[in-house]
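A look at the structure
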Amino acid sequence: MQDAPRFPHAHLAEPSSWVVAHASLVPAGGTVLDVAAGGGRHAKFFADRGHRVTAIDRDIGALIALAGIDAQRADLENGKPWPLPGRQFAGVVVTNYLHRPLFSALAASVAPGGVLIYETFAHGNGQYGKPDNPDFLLNDNELLDAFARDLRVVAYMHGYVDSPRPALVQRIAAVRGAAH
Ligand SMILES: C[S@@+](CC[C@H](N)C(=O)[O-])C[C@H]1O[C@@H](n2cnc3c(N)ncnc32)[C@H](O)[C@@H]1O
């Protein structure tokens, strides 16, 4: 029998409102990295905006079906090395995925002038549903603590959202270098 999915809404095709709201921080013409891209809702969103997109997941079945996406299969956990060492991107997008050992690689993957857009569930989310395992839930200020040293925080939010479903989330948008 298959394990229950960590996050039950991976099938949602609509891009996150947080990603949409901060997409204009990705410099025009820059390449976007979608980490743990799943069905590719953000890979597709940025490709449709004219960006080249690299999308990583351990399961790229859905991603290879998307036109214009560089789909890369990689295990981002289990002690595996970061699959794109030394590469930097105009946009790095992570949603509904948390593996804390990746934080430094994610920050290093943001090119000068580029942006990290990250959103996932926060502690206490269990009262609304899955995920409820603390391993997959952010603590207070955790994204700030992880990224504010290397990147300049443009926007941050921690709290309740009712869309696309009731949840507690934490979100950050942070750029490398001066505002643009
Ligand atoms: C909840 S989905 C989120 C997908 C996408 N970011 C979104 O928000 O629509 C989590 C994704 O993480 C991927 N994932 C989980 N563990 C992984 C691992 N060890 N290496 C690579 N990808 C992994 C899963 O395959 C899944 O696509």
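A brief look at the structure comes next. (Residues numbered from 1 in each chain as written. Predicted model: local features only at pLDDT ≥ 70, side-chain atom pairs only at ≥ 80, totals over all residues. Heavy atoms only, no water.)

Some details on the site of the ligand
- The full set close to the ligand counts 15 residues, and Ala-36, Arg-41, Asp-57, Asp-75 and Thr-95 are the nearest of them.
- Starting from 590 Å² of accessible surface for the ligand in isolation, the protein chains cover 91%. (Near = heavy atom within 4 Å. Areas by Shrake-Rupley, 256 points an atom, 1.4 Å probe, with all protein chains shown as cover.)

A closer look at the sheet that holds strand β4 (residues 89-95)
- Taken in spatial order, the seven strands make up an open sheet running β3-β2-β1-β4-β5-β7-β6, and their pairing is mixed. Here the strands that pair on one side only, and so sit at the sheet edges, are β3 (69-73) and β6 (152-161). Across the sheet, the axes of successive neighbouring strands diverge by a mean angle of 15 degrees, strand direction being ignored. (Pairing = 2+ DSSP bridges. Helix = DSSP H or I, 4+ residues; strand = E, 2+ residues; numbered from the N terminus. Axes fitted to C-alpha atoms, helices over the stretch in contact; angles between N-to-C directions.)

A few points about the pairing of strand β7 (residues 167-175)
- In terms of burial, β7 is largely enclosed, as nine of its nine residues are buried.
- The alternating pattern of β7 places Ala-167, Val-169, Arg-171, Ala-173 and Val-175 and Leu-168, Gln-170, Ile-172 and Ala-174 on opposite faces, both of which are buried.
- Where strand β5 (residues 110-121) lies against β7, seven bridges are found, and the strand directions are antiparallel. Each bridged residue has a counterpart across the sheet, and for Glu-119 the counterpart in β7 is Arg-171.
- Two strands pair when backbone bridges link them, and β6 and β7 are joined in this way by nine bridges, in the antiparallel orientation. If you follow Tyr-156 over to β7, its bridge partner there is Ile-172. (Buried < 20%, exposed > 50% of the residue type's maximum accessible area, 1.4 Å probe, protein only.)

Geometric descriptors of this kind do not, in isolation, establish any biological role.
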